[in-house]
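# Analysis of the macromolecular model
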Amino acid sequence: MLTETERTTPHRWAVLGVLCAGLLMVGMDLTVLHVAVPTISRELLPSGSALLWIVDSYALTVAAGLIAFGTLGDRFGRKRMLMAGFVVFGLASAGAALSVTPGQLIAARSALGVGGAMIMASTPALIRAVFPDDRERSVAIGLWTAANSVGVSVGPLLGGLLIEHFRWGAVFLVNVPIVVLAVVGCALLVPESRHARPDRWDAVSAGMSAVGLGTVVYAFQQLGERDGSQPVVWATGLLGMSLLIGFVVRQRRIRHPLLDIAQFADRRFSLSALCILGCYGAYTALLFLLTQRFQLLGGYSPLGAGLALVPLALANAAGAAAAPRFAARWGHRRGLSGGLLLCALALAACTLFGAANYAALVAAGLGSGTVMTLGSDAILGAAAPERAGEAGAVQETSFSLGAGLGLAVLGTVLSLVYRSQFGPVPGASAQQWNTARGSLGAATEVAARAGGRVGDALRGAAERAFDTGFAVATASAAVVLALLGVLAWKGLPESGRGGHN
């Protein structure tokens, strides 16, 4: 049930501007550290596991908290949740910038994820509330998705620009003035919105979903680092899967579920969430892998690596902005499946012709932007208005879990292939060889220290192994996206949108 305020919001486009600013900031923090990894490695000296957590703890925490914060926003007010999220995000940004140890930075990144989850869980429901008209909401979602996508794509460029002139902590301090403006704009412009008759909040379900998602992503991360040889990694993954299965069973049995599982019976809802998860996971993982290759093997500076990704960022924003017009003419089903297939073709081209294939990167950006917009619109359009926060949480979980799993899974594939393809290097000691085959960053550092023919041989072996791993990872992602494209074509109704208006 919508209130009168939710039905008529005269300054709704200004409200959208505030929401887009928040999503731009949240998206940037997903990738802004990518170009800073070599600098952080030199200054903080984290272990391989700690470095992995520094990069991925943010997406992991966002994914783990979205469902809980989405339903809390339905109950206590989405505007309140949004403002609280901005405040947490700003304080955590300052904490991350001032970190002097890997543990402090991981804790600050996790707190950033909490703030990001509060922001992201609130915005879809607010858009659904202030844009009840289908056509306007479609445009609003396109612009909002474009803001998030631009943030993700611009993150490496902004990070490179700041690292060129300041300490790496500046990549977090840049959030603080944005947060201040967002809080003021939210207080003045955003109307309050909540579920008219909220259900009882189930803390047990919230804990099961958060811990389950967190342990599953953690297990994927550790598989790549430990070659799957540690029983505790498998046990952690099984624990996470058990908690998630238990969460689903509990939602079906309790009177007031945290997540209405019945929504997933709607193919528009469930297939759209699955398409977003797969496409966004491939997109964010591609960004991370490209920044590492450009810097560590291509010799790019942090700024140069960011600039190299500008075509991908612009294409992604263009695809997100143009998606509603394309769907209005050709239909959501064609748009969603076409975007997935275009991404699959782009990744296949990267597999065949290498990472620096700008035609393929532009195609990947266009396709992913289209999928993110149309998938988001389908999820929100399929949900009843009073479940908007819950639907928004599912949608954003698809984004953030896709980012975490995409990096974990494709990173694991690349790491396993990299180690298996890193053959013996003549003249290199056993210690040099073992260190170099641990990661591309370690290999370039060892090669630089060794110098001469041994250094060149180590670097050459690392480049060949990484490129082989990159090809296998992109080929795997292309197959998954192609299958999702066919599934969307076969499974989605022609309109691809819900009937709850």
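Please read all numbers here as calculations on a predicted model, not as lab measurements. Chains are numbered independently. Their residues run from 1 in the order of the written sequence. Per-residue local features of the predicted model are confined to residues with pLDDT of at least 70, and side-chain atom pairs are confined, for both listing and counting, to 80 or more; whole-chain, interface and lining totals are unaffected and use all residues. The side-chain numbers reported here are obtained from all heavy atoms of the structure, hydrogens and water having been left aside.

### Some remarks on the overall build of the protein
Counted only if it meets this: Segments assigned H or I by DSSP are reported as helices when at least four residues long, segments assigned E as strands when at least two residues long, and all are numbered from the N terminus. C-alpha atoms define the radius of gyration in this analysis, and the globule rule sets the expected value at 2.2 Å times the number of residues to the power 0.38. For the exposure calls, accessible area comes from a 1.4 Å probe over protein chains only, and a residue counts as buried if that area is under 20% of its type's maximum, exposed if over 50%, partly exposed in between. Any pair of residues with heavy atoms lying within 4.5 Å of one another is described as a contacting pair. Surface accessibility in these figures is a Shrake-Rupley result with a 1.4 Å probe; residues are shielded only by whichever protein chains are displayed. Under the convention used here, Asp and Glu are negative, Lys and Arg are positive, and both His and the chain ends fall outside the count. By convention, the charge on Lys lies at NZ, on Arg at CZ, on Asp at CG and on Glu at CD.
For the protein, the count of helices and strands is 20 helices and zero strands. On C-alpha atoms alone, the protein measures out to a radius of gyration of 22 Å, which is about the 23 Å that the 2.2 N^0.38 rule sets for 501 residues. The proportion of buried residues among the 501 residues of the protein is 59%. In the protein, the share of contacts with a sequence separation of at least 24, taken over all contacts with a separation of at least 6, comes to 84%. For the protein, the accessible area works out to roughly 18,900 Å², and carbon and sulfur atoms hold 66% of it. One finds the centroid of the 36 positive side-chain charges in the protein at a distance of 3 Å from the centroid of its 26 negative side-chain charges.

### What to know about helix α2 (residues 12-31)
Worth spelling out the cut-off: Working rule for helices: expected span equals 1.5 Å times residues minus one.
Given a rise of 1.5 Å per residue, 20 residues ought to cover 28 Å, and the 29 Å separating the end C-alpha atoms of α2 matches this to within 8%. For α2, the tally of buried residues reaches 14 of 20 residues, placing the bulk of the element in the interior.

### Here's the deal with helix α6 (residues 102-130)
Here α6 spans 42 Å end to end across 29 residues, near enough to the 42 Å set by a 1.5 Å rise per residue. Judged by how many residues are buried, α6 sits mostly within the fold: 23 of 29 residues are covered.

### A look at the pattern of salt bridges
One side chain can pair with another of opposite charge once the charged atoms of both are near each other. As a reminder of what qualifies: What counts as a salt bridge is simple: a side-chain nitrogen of Lys or Arg found within 4 Å of a carboxyl oxygen of Asp or Glu.
One pass over the full model with this rule turns up three salt bridges. Salt-bridge contacts for glutamate 136 lead to arginine 12; the nearest nitrogen and oxygen are separated by 2.9 Å. With glutamate 136 in helix α7 (residues 134-165) and arginine 12 in helix α2, this residue pair connects regions lying 124 residues apart in the sequence. Since its relative accessible area comes to 24%, glutamate 136 is described here as partly exposed. With a relative accessible area of 22%, arginine 12 lands in the partly exposed category. Overlapping salt bridges bring together Arg293, Glu463 and Asp467 as one network.

### Brief notes about the side chain of threonine 444
Within the secondary structure layout, threonine 444 lies in helix α19 (residues 440-450). Leaving out residues up to four positions away in the same chain, threonine 444 has contacts with Leu296, Leu297 and Arg459.

### Some words on the nonpolar core
Convention followed: Here, the term nonpolar core denotes a set of buried Ala, Val, Leu, Ile, Met, Phe, Trp, Tyr and Cys residues that are joined through side-chain atoms within 4.5 Å.
If you look at the biggest cluster of nonpolar residues, it comprises 146 residues, and the most contacted ones within it are Phe172, Phe422, Phe470 and Leu481. By residue number, the principal contributor to this core is helix α12 (residues 267-296), which donates 17 residues. With residues near it in sequence (within four places) discarded, phenylalanine 470 still touches Leu286, Leu289, Leu290, Cys350, Ala355 and Leu414.

### Points about the environment of proline 177
As for its position among the elements, proline 177 is in helix α9 (residues 175-189). It is 28 Å that separates the C-alpha atoms of proline 177 and valine 139, two residues lying 38 residues apart in sequence.

### Structural notes on the state of the cysteines
Note the cut-off: Defined by distance alone, a disulfide is two cysteine sulfur atoms within 2.5 Å.
Within this structure, the stated rule accounts for zero disulfides. The closest cysteine sulfur to the non-disulfide-bonded cysteine 20 is located on cysteine 186, 13 Å from its own sulfur. Left without a disulfide partner, cysteine 350 is nearest to the cysteine sulfur of cysteine 343, which lies 11 Å away.

### A word on the layout of surface pockets
Heads up, the condition is: Residues are said to line a cavity or pocket when one of their atoms sits within 4 Å of a point; the points come from a 1 Å grid over protein atoms alone, cavities being sets where a 1.4 Å probe fits but cannot get out and pockets being open sets with protein on both sides within 12 Å along at least five of seven lines. Grid points are joined across faces, edges and corners, and a volume is the space filled by probe spheres set on the points.
When its volume is computed, the second largest pocket comes out at roughly 770 Å³. Along its surface, the second largest pocket is lined by 28 residues, and Leu213, Met241, Leu244, Leu277 and Leu401 are the ones closest to its centre. Listed by contribution, the elements that provide at least two residues to the lining of the second largest pocket are α10 (203-226), α11 (231-253), α12 and α17 (388-421). Considering each element in turn, the lining of the second largest pocket owes the most residues, nine residues, to α11.

### What about the packing of aromatic side chains?
Defined as follows: Between the rings of Phe, Tyr and Trp (Trp by its six-membered ring), a pair exists once the centres lie within 6.5 Å; its type follows the angle of the planes, with under 30 degrees stacked, over 60 edge-to-face, and the other angles tilted. In this analysis the charged atom, NZ for Lys or CZ for Arg, is taken to sit over a ring once it is within 6 Å of the ring centre and within 35 degrees of the ring normal.
Inspection of the entire model under this criterion finds six aromatic pairs. Sitting over the ring of tryptophan 489, arginine 333 keeps its end group 4.1 Å from the ring centre.

### Looking at a nonpolar patch on the surface
Put simply, the rule is: Note on patches: the residues involved have over 30% relative accessible area and no salt bridge, like charges join within 9 Å, and the nonpolar side chains Val, Leu, Ile, Met, Phe, Trp and Tyr join within 5 Å.
Judged by side-chain polarity, Trp13, Val139 and Leu143 come together as a nonpolar surface patch covering roughly 260 Å² of accessible area. For leucine 143, the location among the structural elements is in helix α7. By relative accessible area, which is 40% here, leucine 143 ends up partly exposed.

### Quick look at the packing of helix α15 (residues 332-353) against helix α20 (residues 452-491)
How we decide: A fitted line through C-alpha atoms represents every axis, and for helices the fit uses only the stretch in contact; the resulting angles, taken between N-to-C directions, go from 0 to 180 degrees. Should an angle lie under 35 degrees it is considered roughly parallel, over 145 roughly antiparallel, and from 65 to 115 roughly perpendicular; all remaining angles are considered oblique. For a crossing to be left-handed, the near helix must be turned anticlockwise from the far one by less than a right angle; the clockwise case is right-handed. The classification used treats Ala, Val, Leu, Ile, Met, Phe, Trp, Tyr, Cys and Pro as nonpolar, Asp, Glu, Lys and Arg as charged, and all other residues, Gly among them, as polar.
The N-to-C vectors of α15 and α20 enclose an angle of 160 degrees; their axes lie 8 Å apart at closest approach. Comparing their axes, α20 and α15 come out roughly antiparallel. Considering only the axes of α15 and α20, their crossing is left-handed. In this structure, α15 uses Arg333, Arg334, Ser337, Leu340, Leu341, Cys343, Ala344, Leu347, Ala348, Cys350 and Thr351 to contact α20, whose residues at the interface are Phe470, Ala471, Thr474, Ala475, Ala477, Ala478, Leu481, Ala482, Leu484, Gly485, Ala488 and Trp489. In terms of residue class, the contact of α15 with α20 is built from 17 nonpolar, four polar and two charged.

### Side note on the environment of valine 371
The residue valine 371 is located in helix α16 (residues 358-382) in this model. For valine 371, a relative accessible area of 0% gives the class buried. Each C-alpha atom of the pair valine 371 and leucine 336 lies 5.2 Å from the other, and the pair is 35 residues apart in sequence.

### Let's talk about the confidence of the model for the protein
The condition is simple: You can read pLDDT as the predictor saying how much it trusts each residue, on a scale of 0 to 100.
Mean pLDDT over the protein works out to 82, with 90% of the residues at or above the 70 mark. Of all the helices and strands in the protein, helix α1 (residues 4-7) carries the lowest mean pLDDT, 44, while helix α5 (residues 78-97) carries the highest, 94. Note that residues 1-6 has pLDDT below 50 and, in this model, 14 contacts with residues that lie over four places away or in other chains.

### Thoughts on the side chain of serine 99
The condition is simple: Counting of polar contacts relies on pairs of N or O atoms within 3.5 Å, with two restrictions inside protein: one atom must be capable of donating a hydrogen and the other of accepting it, and residues adjacent in sequence are counted only when both atoms are side-chain atoms.
Positionally, serine 99 belongs in the loop between α5 and α6. For serine 99, a relative accessible area of 1% puts it in the buried group. Polar contacts involving the side chain of serine 99 include one to the main-chain carbonyl oxygen of glycine 95, which spans 2.9 Å.

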